[in-house]
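# Report on the structure
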Amino acid sequence: MINFFRISFLLVIFLGFQFSSNADEKIEYLKTDWSFKGMFGKFDRAALQRGYQVYQEVCSSCHSMKYLSYRNLAEEGGPEFSVEQAKAIAASFEVKDGPNADGEMFMRPGRLSDKFVMPYENEKAAQAANGGAYPPDMSVLVKARGGGVDYIYSLLQGYEDPPAGITLDDGVYYNKYMYGNKIKMSNQLSDGLVEYSDGTNASVEQMSKDVTTFLMWTAEPHLETRHKMGFKAIIYLTILTVLVYFSMKRIWSRIETKV
Amino acid sequence: MSEKKTNRRDFLFTATYAVGAVGAGAVIWPMIDQMNPDASVKALASTEVDVSTVNPGKTITVLWRGKPVFIRRRTPEEIAEAKSVKIEDLKHPEKDEDRAKNPEWLVMLGVCTHLGCVPLDQKGDYNGWFCPCHGSHYDTSGRIRKGPAPTNMEIPEYKFVDTNTIKIG
Amino acid sequence: MSEHEYTPKSKVGKWFNDRLPLLTLANHLTDYPTPKNLNYWWTFGGILTFCLITQIVTGLVLAMHYIAHADMAFQSVEHIMRDVNYGWLIRYIHANGASMFFLAVYIHIFRSLFYGSYKSPREVIWIIGIIIYLLMMAAAFLGYVLPWGQMSFWGATVITNLFSAIPLVGEGIVTWLWGGYSVDNPTLTRFFTLHYLIPFLILGLVVLHIWALHVPGNNNPIGIDIKKPSKDTVPFHPYIVIKDGFALLMFMIVFAFFVFYTPNILGHADNYIEANPLVTPAHIVPEWYLLPFYAILRSVPDKLLGVIAMLSAILILAALPWLDTSKIRSAVFRPLYKQFYWILVADVLILGYVGAMPAEGLYLLVARIATAYYFLHFLVVLPVLGFKERTTPVPLSITEPILGGSPNLAAVKKRDSFKDQ
């Protein structure tokens, strides 16, 4: 049994080692309570719905969300809009379809099965419209950044006047959480920018938190199922481990050797 | 004493086996279910068709769930022919009224019930469809009349959204 | 295979077994006499078998949904993560399974180093193991390329460019590997094919590995040869099966924790950015299990020599049975070797750590010292230790140290009289 503790000890060292080697640079990000962290973490539905609103009204004019479909908005574990609401959201977008019988492409209202409409035809068009910088697709953005949700949350609130001695080109802004501090996206959020239908005060902090929550969901749509299933799996494995442990003791008791 | 010991051991081993088997089953299920239609496929399960351009006596074929659906605007003669058939003569007895809610429109899965080929329109001994693969004849209601197919061609779930639009699925 | 002839009880069984002795094989596997003093470090062989099967099964499932095309690979992985039923679960098991596989294989290798399991008569088992390990690294690397993220793309570029260090033909080989002038679609499709193939090669080698193991039988913590079957052994089933099962379950709990609660911690964030041939990520870092070798590669300033050093670091392991001149297997009876062993463990961990850090300044210096020590350990320390080390007395059988109240010195052989058979 002592050996087993040794194994576990080694694992812990290994894990700590991995954590430390993964952190690139030690930047203190802004902290907030994320409802989806931890073994029982779940999304805050209202925050997801508000986050969608912020994404839709602020981010989506430049940032695509190409791996999401409108149907996802009504799926379990997400913002959980009602199917009618999600249909209405989908129908408020014009989707290119076709070719029709005449061989022409045509526009029609969106359906649940459609992917989120892209703000630009292609990456080049997106770059051309944004001073050469491609606004990254937001579907998995949270997972594509080392600091994850804390990074995004901080970045949205990290705009400052550049310190003395740093000059910025046109179309470049100073952000204390951005890698290299220079960012081509200007500060997008200001207090009261959107009007939340649930009456929540739309402060920059609130909007940052809501939209980051939304982005966590878009990156990890099955997070809630994963947490629930994980809990069951670990409980199950623990029970079986205990049973096997006692079975093992009993079997080995037939011979005079400790296990 | 020894008997009691045996019982307890049996119970312990049985419980271990049983719990282990439950886990094995739980692990196998995702491996099987992953082959079922995924969420994006299920989302495409319905399709809307504009039928305003279809004239009487014409059929259009649309793709639904990867299979052809025949939408035929039947002529009065065809409707009359379909309705006149005696139910007792049919291999798979179904009334025409049950197959075409609006008698002018026959919406049906264009898949032969024998082995899945697509039958040809306006062919065969009954003025309906004829399957070239193994020679099944269907009437103007898409019912099997002759040949190896066991049942009538299937009617999918559909409804008229408005007079010119049919929603299948 | 077995010492005693096995005859199935049923008539049908006998009829079948006479034609294909599967039942004899099964009987051999269940009755296989195993030293009864094996500790939990010995359970990692079973755990590795589990890892291999898990990777093959989840891999097959993923291949049903994955599209090996530069334009669609990333998208198909997202499709798996979002739409395929349990797709996220299967992919996370597969991705974390690779890490778990390496974790287990490193423990397995270091167990062998500690207890001298690579020594005569088990050299062939050891060398097959090294080949399996090499194939695992190839499979892991190829698999990492498939999601076609930034790390996939640039990892593939960097690793394939290693071959350009070969004089004269290097550039030609790299172009041949790529099937073009850069890592692109042809590279992806062939990498997918090879990634699919290698696990089955590994499976075949695992059969050979176990076969070769069953000829001399298991080594054991005190490293002595044992008579089998005897009071020093237990049949594999149920004693070892249940013990391996218990350890496997503990391992699965750790595995489950990764899959369900931190599925991306062992990966790199940049791999969620789709591959872009125009932009290289700020830090190119391989997966953790390749970091020590990456550190060795970077610690040598010359391109060709760096590649040679990295390959030598792995291949030197194959020569280990002959580099270690000590007749005593287990480090339990080798006080000096035991210390050097732990220094080696620390050395490899340090190499892993600096491998993740930028190759500059102090990190580079540490990497160089650690690299030098790594080779020193195998090329100098081990051969010399065999001659110089004063080992402690080795018991005659497993049962003695366990049963004996006081150590029976008369029955314990000294190092000089210890004969390796």
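Cut-offs used in this document
Residues numbered from 1 in each chain as written. Chains lettered and ligands numbered in written order. Predicted model: local features only at pLDDT ≥ 70, side-chain atom pairs only at ≥ 80, totals over all residues. Heavy atoms only, no water. Helix = DSSP H or I, 4+ residues; strand = E, 2+ residues; numbered from the N terminus. Buried < 20%, exposed > 50% of the residue type's maximum accessible area, 1.4 Å probe, protein only. Contact = heavy atoms within 4.5 Å. Areas by Shrake-Rupley, 256 points an atom, 1.4 Å probe, with all protein chains shown as cover. Disulfide = S-S within 2.5 Å. Polar contact = N/O pair within 3.5 Å; in protein donor to acceptor, adjacent residues only side chain to side chain. Core = buried A, V, L, I, M, F, W, Y, C linked by side-chain atoms within 4.5 Å. Domains from an automatic or database assignment. Buried area = accessible area lost by both parts, 1.4 Å probe. Salt bridge = Lys/Arg side-chain N within 4 Å of Asp/Glu carboxyl O. Nonpolar A, V, L, I, M, F, W, Y, C, P; charged D, E, K, R; others polar. Pairing = 2+ DSSP bridges. Axes fitted to C-alpha atoms, helices over the stretch in contact; angles between N-to-C directions. Parallel < 35°, antiparallel > 145°, perpendicular 65-115°, else oblique. pLDDT = per-residue confidence, 0-100.

Below, the discussion takes up the overall build of chain A. Secondary structure summary: chain A contains seven helices and four strands in total. For chain A, the α and β elements follow one another from N to C terminus as α-α-α-β-β-α-α-β-β-α-α. Taken across its 259 residues, chain A has 42% of its residues classed as buried. The contacts of chain A with a sequence gap of at least 6 include a subset with a gap of at least 24, amounting to 60%. Accessible surface computed for chain A: about 13600 Å², of which carbon and sulfur atoms make up 56%.

Turning next to the state of the cysteines. Residues and elements named next belong to chain B. Within this structure, the stated rule accounts for one disulfide over all chains. Residue pairing for Cys 117: its cysteine sulfur links by disulfide to Cys 133, the two sulfurs lying 2.0 Å apart. Handedness here is read from the sign of the S-S torsion; for Cys 117 and Cys 133, about -95°, the answer is left-handed. Of the two residues, Cys 117 sits in the loop between strand S4 (105–109) and strand S5 (120–121) while Cys 133 sits in the loop between strand S6 (129–131) and strand S7 (136–138), which places them 16 residues apart along the sequence. For Cys 133, a relative accessible area of 37% corresponds to the partly exposed category. Of all cysteine sulfurs, the one in Cys 131 lies closest to Cys 112, which takes part in no disulfide; the gap is 3.8 Å.

If you trace the backbone, A:Glu220 turns up in the loop between helix H6 (204–219) and helix H7 (223–252). Separated by 77 residues in the primary sequence, A:Glu220 and A:Lys143 have C-alpha atoms spaced 8.4 Å apart. The contacts of A:Glu220, once residues within four sequence positions are left out, are A:Phe43, A:Lys143, A:Arg226, C:Tyr92 and C:Asn264. Only 2.7 Å separates the side chain of A:Glu220 from the side chain of A:Lys143, close enough to count as a polar contact.

The next thing to look at is the side chain of C:His108. All names here are of chain C. Within the secondary structure layout, His 108 lies in helix H5 (residues 87–115). Residue class for His 108 comes out buried when judged on its relative accessible area of 18%. Those residues within four positions of His 108 in sequence are excluded, and the remaining contacts are Phe 44, Gly 45, Leu 48 and His 209.

Core analysis: the biggest nonpolar cluster contains 142 residues, and C:Phe102, C:Leu113, C:Tyr133, C:Trp148, C:Phe251, C:Tyr374 and C:Phe378 have the highest contact counts within it. In terms of residue count, the dominant contributor to this core is H5(C) (19 residues). If sequence neighbours within four positions are ignored, C:Tyr133 has contacts with C:Phe102, C:Val105, C:Tyr106, C:Ile109, C:Phe293 and C:Ile314. Counting residues in each nonpolar core, the second largest holds 45 residues, with A:Val54, A:Ile152, A:Phe214 and A:Ala219 among its members.

Often, the extent of an interface is quoted as the loss of accessible area upon association of its parts. All names here are of chain C. Taken domain by domain, chain C comprises domain 1 (1–31), domain 2 (33–284), domain 3 (298–390) and domain 4 (396–421). The interface is formed by five residues belonging to domain 1 together with seven residues belonging to domain 2. Interface area for domain 1 against domain 2, summed over the two sides, is near 500 Å², with a carbon-plus-sulfur share of 53%. Where domain 1 meets domain 2, there are zero salt bridges. Here the side of domain 1 that touches domain 2 is composed, by residue class, of one nonpolar, two polar and two charged.

Another aspect to go through is the interface of chain C and chain B. Facing the 12 residues of chain C at the interface are 12 residues of chain B. Together, the buried faces of chain C and chain B total about 1000 Å²; carbon and sulfur atoms form 63% of this surface. When residues of chain C are sorted by the area they lose upon contact with chain B, C:Asp83, C:Asn85 and C:Tyr86 head the list and together hold 49% of the total. One can count zero salt bridges joining chain C with chain B. In this assembly, chain C and chain B are joined by six residue pairs in polar contact (both at pLDDT 80 or more). Listing elements by their share of the side of chain C that touches chain B, those giving two or more residues are helix H3 (44–63) and H5 of chain C. Its residues assigned to classes, the side of chain C that touches chain B comprises seven nonpolar, four polar and one charged.

Let us look at the interface of chain A and chain C. Taken together, the contact between chain A and chain C spans 55 residues of the former and 54 residues of the latter. Regarding the contact of chain A and chain C, the summed buried area is about 5200 Å², with carbon and sulfur atoms giving 74% of it. For the pair chain A and chain C, the number of links is two salt bridges. A:Arg71 is the partner of C:Asp83 in a salt bridge, and the nearest nitrogen-oxygen pair spans 3.2 Å. Across the contact surface, chain A and chain C share 10 residue pairs in polar contact (both at pLDDT 80 or more). Considering each element in turn, the side of chain A that touches chain C owes the most residues, 18 residues, to H7(A).

All names here are of chain B. Read from one edge of the open sheet, three strands run S2-S3-S4, paired in antiparallel fashion. A single partner strand is all that each edge strand has here, and the edge strands are strand S2 (58–64) and S4. For this sheet the average axis-to-axis angle between neighbouring strands, irrespective of direction, equals 20°. Both strand S3 (residues 67–73) and S4 contribute to a ladder of five bridges, which runs antiparallel. Residue pairing in the sheet places Arg 73 in a bridge with Trp 105 of S4.

Moving on: the packing of helix H1 (residues 11–19) of chain C against helix H2 (residues 22–31) of chain C. Residues and elements named next belong to chain C. At a closest axis distance of 7 Å, the pairing of H1 and H2 adopts a crossing angle of 95°. Overall, the two elements H1 and H2 adopt an arrangement that is roughly perpendicular. In this structure, H1 uses Gly 13, Phe 16 and Asn 17 to contact H2, whose residues at the interface are Leu 22, Leu 23 and Thr 24. Looking at side-chain class alone, the contact of H1 with H2 contains three nonpolar, three polar and no charged residues.

All names here are of chain B. Spatially, S1-S10-S9 is the arrangement adopted by the three strands of the open sheet, whose pairing is antiparallel. Every interior strand has two partners, whereas the edge strands, strand S1 (47–50) and strand S9 (158–162), have only one. The mean angle between the axes of side-by-side strands here comes to 30°, regardless of whether they run parallel or antiparallel. Both S1 and strand S10 (residues 165–168) contribute to a ladder of four bridges, which runs antiparallel. Bridge assignment links Glu 48 to a residue of S10, and that residue is Lys 167.

Moving on to the confidence of the model for chain C. Residue and element names in this part refer to chain C. Per-residue confidence for chain C gives a mean pLDDT of 92, with 94% of residues at or over 70. Taken as a whole, residues 402–421 scores under 50 in pLDDT and shows 24 contacts with residues more than four places along the chain or in a different chain. At the level of chain-chain contacts, confidence expressed as ipTM amounts to 0.90, with global pTM at 0.89.

Here we come to the pattern of salt bridges. Residues and elements named next belong to chain B. A complete count under the given rule lists 29 salt bridges over all chains for this structure. Note that Arg 143 is salt-bridged to Asp 139, the shortest N-O span being 3.1 Å. Pair check on accessibility: Arg 143 and Asp 139 agree, each one buried. Within this structure, Arg 74, Lys 83, Asp 96 and Glu 97 form a network of salt bridges that share partners.

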